[in-house]
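Per-entry structural report
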Amino acid sequence: MKSEHFESESECLFFITGASTGIGKACAIELDRRGFRVFAGVRSDEAARRLRAEASDRLTPVRIDVTDAAEIAAAVEEVSAAVGDAGLAGLVNNAGIAVPGPWEILSTEAIRKQFEVNVIGHVAVTRAFLPLLRKARGRVVNIGSINGGLAVPYLGAYSASKFALEVFNDTLRTELRNFGIRVSAVEPGAIDTPIWDKSTALAEQLSADAGPEVFELYQSDLEAIRRIAERSARGAAPVERVVRAVVHALTAKRPKTHYFLGWDVRICFKCLRVISDRLRDWIVRRLIGLR
Ligand SMILES: NC(=O)c1ccc[n+]([C@@H]2O[C@H](COP(=O)([O-])OP(=O)(O)OC[C@H]3O[C@@H](n4cnc5c(N)ncnc54)[C@H](OP(=O)(O)O)[C@@H]3O)[C@@H](O)[C@H]2O)c1
């Protein structure tokens, strides 16, 4: 599938944040395989080396922590030198972390970090790349989540960040319409990536930091949450489901505004938002197995 703006794939340059593992890495490798030029955001030499080993010479790893203004500026400079007047065909805001835990236990620092990476980081990266995107009448693809449609207890900080990303996505889409820049949100449910292990490790660390007295207050709910997280991780869909949507959003003549990946995601966005709060609370507690 060709982009409507370029004669050939090799003239299209896409930038993806958080491409060291999971969804970002899979998107980078697939776009590279299709002949596009990919600049893939990583945070370590090791991640860059691993990506290079799995892709063609067209793929360029770029050092970028989305919370670091100097690294964002350097990445824009590097991409700008590579694309020249053609501009940037697409930006995928994918980098993300999931900070789990009850609001009472989470440190303010942890909550801030959740928003810095999942919201402010994407806003900063998008703003910095806008002049290049405007030149190409390019695309912005935001990787949202089922939790941008349904806020889940004990995943409140993550859910709040994904709700905020929805607002960013929808307002940006309207603001950039006149420049011919299309904006899409890809909304996955559970996908088989390292994020599950990372978030379990983070939960254990945060619980240890909170101390046993506070932790005990939430113990039975947290055990239920751990069980549902394990079940979700076991039933997680393959990463290719997300890759297909991202490729469509970047290259199709008429990209969708939202890609709801699965019936569960569709229900969360389309149905659970419009029912009463009490009914939704009841459904959520039942689904998660809370007493
Ligand atoms: N997997 C799911 O079930 C699922 C479901 C819905 C939505 N999502 C969303 O999909 C996106 C990708 O997640 P994933 O599942 O592929 O998880 P993942 O494998 O853990 O990938 C997350 C990526 O984000 C990067 N990252 C973390 N903090 C960063 C920062 N400050 N600056 C730049 N990059 C940073 C990580 O880099 P390092 O390796 O350097 O840490 C990694 O490359 C996230 O936005 C997530 O919320 C995932």
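Residues numbered from 1 in each chain as written. Predicted model: local features only at pLDDT ≥ 70, side-chain atom pairs only at ≥ 80, totals over all residues. Heavy atoms only, no water.

Attention shifts here to the overall build of the chain. Across its full length, the chain holds ten helices and seven strands. Computed over C-alpha atoms, the radius of gyration of the chain comes to 19 Å, within 12% of the 19 Å expected from 2.2 N^0.38 for 291 residues, which places it in the range of a compact globule. Overall size of the chain, expressed as C-alpha extent along the three principal axes, is 60 × 40 × 30 Å. When burial is assessed residue by residue, the chain has 50% of its 291 residues classed as buried. Across the chain, every contact between residues at least 6 apart in sequence was considered, and the portion connecting residues at least 24 apart equals 71%. As displayed, the chain offers around 14,400 Å² of accessible surface, 52% of which is attributable to carbon and sulfur atoms. (Helix = DSSP H or I, 4+ residues; strand = E, 2+ residues; numbered from the N terminus. Rg over C-alpha atoms; globule rule 2.2 N^0.38 Å. Buried < 20%, exposed > 50% of the residue type's maximum accessible area, 1.4 Å probe, protein only. Contact = heavy atoms within 4.5 Å. Areas by Shrake-Rupley, 256 points an atom, 1.4 Å probe, with all protein chains shown as cover.)

Bringing helix H7 (residues 212–234) into the picture now. Over its 23 residues, H7 extends only 29 Å from the first C-alpha to the last, a length that falls short of the 33 Å expected when each residue adds 1.5 Å. For H7, the principal kink sits at Gln219 and spans about 65 degrees. Tucked into the core, H7 has its buried residues touching helix H6 (195–210) and helix H10 (277–288). (Expected span 1.5 Å × (residues − 1). Bend = angle between axes of the 7 residues up to and from the residue.)

Taken together, 29 residues form the shell around the ligand, and within it Ser20, Thr21, Tyr158, Thr193 and Lys198 come nearest. Residue Asp65 places a side-chain N or O atom 2.9 Å away from a nitrogen atom belonging to the ligand. The contact in question runs from an oxygen atom of the ligand to an N or O atom on the side chain of Lys162, over 3.0 Å. Relative to its free-state accessible area of 890 Å², the ligand is covered by the protein chains to the extent of 92%. (Near = heavy atom within 4 Å. Polar contact = N/O pair within 3.5 Å; in protein donor to acceptor, adjacent residues only side chain to side chain.)

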